[in-house]
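# Observations on the model geometry
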Amino acid sequence: MRGKLLFLGGLAAGFVLGSRAGREKYEELKATALKIKESPTVQEAAGVVQEQATRLYSEGKTKVTDKLANSRLAETEVGQRFLNKTSSTPEIERDYATSSTPSSGTSF
């Protein structure tokens, strides 16, 4: 899926840069891309991907914390600071908590 999107993006960029029709074709292509981006299907897919990324992040964080707790690093000052870090929220969680849902117009 990602490869196809990159290919289509490259194809679109090549068309815009190589087009002799100028601004009119660019505006037409831009309007089409905006229409696709705002379609309910694409927004729903973006929401699903965002949910999966959040789930994978949480699972990964749990695994790393568990591994760290059982390692020699946990006995160091740095390891203890990491394991006891409960007062502040990591940036990725804070950013996700303050962002809008895809259905409200968030771009991906």
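The following paragraphs examine the structure supplied in this document. Quantities reported herein were computed from a predicted structural model and do not represent experimental measurements.

Once that is clear, we can look at the overall build of the protein chain. Counting its regular elements, the protein chain contains five helices and zero strands. Element order for the protein chain, N to C, with α for helix and β for strand: α-α-α-α-α. Contacts spanning at least 24 positions in sequence make up 50% of the contacts within the protein chain whose residues lie at least 6 apart. In the form shown here, the protein chain has an accessible surface area of approximately 9,200 Å², with 59% of it arising from carbon and sulfur atoms.

So, on to a nonpolar patch on the surface. A contiguous nonpolar patch, built from F7, L8 and L11 and spanning about 340 Å² of accessible area, is present on the exposed surface. If you trace the backbone, L8 turns up in helix α1 (residues 2–18).

Inspection of the entire model under this criterion finds one salt bridge. Of the charged contacts in the structure, one is a salt bridge between E59 and R55, with a shortest N-O distance of 3.3 Å. Note that E59 and R55 are positioned in helix α3 (residues 40–69) at a spacing of four residues, about one turn of the helix. Given a relative accessible area of 37%, E59 falls into the partly exposed group.

Next up on the list: the environment of L83. With respect to the element layout, L83 can be found in helix α4 (residues 77–83). Among the residues examined, L83 registers a relative accessible area of 24% and is labelled partly exposed. Among residues more than four places away in sequence, those in contact with L83 are T65, L68, A69 and A74.

Cut-offs and rules
- Residues numbered from 1 in each chain as written.
- Predicted model: local features only at pLDDT ≥ 70, side-chain atom pairs only at ≥ 80, totals over all residues.
- Heavy atoms only, no water.
- Helix = DSSP H or I, 4+ residues; strand = E, 2+ residues; numbered from the N terminus.
- Contact = heavy atoms within 4.5 Å.
- Areas by Shrake-Rupley, 256 points an atom, 1.4 Å probe, with all protein chains shown as cover.
- Patch = residues over 30% accessible without salt bridge, like charges linked within 9 Å, V, L, I, M, F, W, Y side chains within 5 Å.
- Salt bridge = Lys/Arg side-chain N within 4 Å of Asp/Glu carboxyl O.
- Buried < 20%, exposed > 50% of the residue type's maximum accessible area, 1.4 Å probe, protein only.

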